[in-house]
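# Understanding the architecture of this molecule
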Amino acid sequence: MTQLVSRIMPSPIGPLRLVARTDALVAIDFPDHGSALEARPIRTVHAVLDQARRELEAYFAGTLTAFTVALAADGTPFQHKVWDALATIPYASTWSYGQLAKAIGRPSAARAVGAANGRNPLPIIVPCHRVIGSSGALVGFGGGLPTKQWLLAHESKRAPSIGRQAALSFGG
């Protein structure tokens, strides 16, 4: 089993715990909301953790809308399909769970899509905060609804006039 390492980084929404293996980021945790991954904290140079922190800092500064750090989230094939679709939601846009279900070719699977969305281990980078209820209400987010509201407001203030979130894919 690959050993995981972690680092806490400050952010405008509170501390974030970045978790990586040697070649990819595997999780972003909101420490106040618990974490299931066992990872040893490190302070030394770690290319993936360093890149993830730089990119998240640029995102929070409003200068980055697309992430390039390597990702490797554990999940089922269905979850990966949902997470890949999440990564196509344009910066500063929102989709409903129904829209996300249609995007993966499963229009009647909004509840299952919601469950997969809730298990996204890489929030912010894989933008599960951009998914809202069909009524437009903010529903469910691992970092709490105030954090979700902050992220959406942050993006809407800095939305580029042209551009889309780059598609991300998950390694194994």
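Residues numbered from 1 in each chain as written. Predicted model: local features only at pLDDT ≥ 70, side-chain atom pairs only at ≥ 80, totals over all residues. Heavy atoms only, no water.

## Comments concerning the pairing of strand β2 (residues 16–20)
For β2, the buried fraction is high: 5 of the 5 residues fall into the buried class. The alternating pattern of β2 places Leu16, Leu18 and Ala20 on one face and Arg17 and Val19 on the opposite face, and all of these are buried. Note: strand β1 (residues 5–9) against β2, 5 bridges, orientation antiparallel. Along β2, the bridge assignment pairs Met9 with Leu16. Hairpin connection of β1 to β2: 6 residues between the antiparallel strands, including Gly14 at a positive phi of 110°. In this sheet, strand β3 (residues 25–29) lies alongside β2 in antiparallel orientation, the contact comprising 4 bridges. Pairing of Arg17 across the sheet is with Asp29, part of β3. (Buried < 20%, exposed > 50% of the residue type's maximum accessible area, 1.4 Å probe, protein only. Helix = DSSP H or I, 4+ residues; strand = E, 2+ residues; numbered from the N terminus. Pairing = 2+ DSSP bridges.)

## Examining helix α1 (residues 47–61)
The end-to-end C-alpha separation of α1 is 21 Å, in line with the 21 Å expected for 15 residues at 1.5 Å each. Buried-residue contacts for α1 involve β1, β2, β3 and α5 (145–157). Directly after α1, the chain includes Gly62, whose backbone phi takes a positive value near 85°. (Expected span 1.5 Å × (residues − 1). Contact = heavy atoms within 4.5 Å.)

## Topic: the environment of Gln149
Secondary-structure assignment places Gln149 in helix α5. By relative accessible area, Gln149 is classed as exposed at 51%. Taking the C-alpha atoms as reference, Gln149 lies 9.6 Å from Arg130; in sequence the two are 19 residues apart.

## Considering the confidence of the model for the chain
Taken residue by residue, the chain gives an average pLDDT of 85. The fraction at 70 or more is 85%. Counted against residues more than four places away or in other chains, residues 161–172, with its pLDDT under 50, gives 36 contacts. (pLDDT = per-residue confidence, 0-100.)

## Some points on the packing of aromatic side chains
Given two aromatic rings, their pairing is described by the distance between the two centres and the angle made by the two planes. Taken as a whole and assessed by the stated rule, the structure comprises 5 aromatic pairs. On the numbers, 6.4 Å between centres and 80° between planes, the contact of Tyr59 with Tyr91 is edge-to-face. Here Tyr91 lies in the loop between α2 (77–86) and β5 (95–96) and Tyr59 lies in helix α1, a separation of 32 residues in the sequence. When its relative accessible area of 0% is taken as the criterion, Tyr59 is described as buried. Residue Tyr91 is classed as buried on the basis of its relative accessible area, which comes to 6%. Taking 6.0 Å as the distance between ring centres and 55° as the angle between the ring planes, the aromatic pair formed by Phe60 and Trp150 counts as tilted. (Phe/Tyr/Trp six-rings, centres within 6.5 Å; stacked < 30°, edge-to-face > 60°.)

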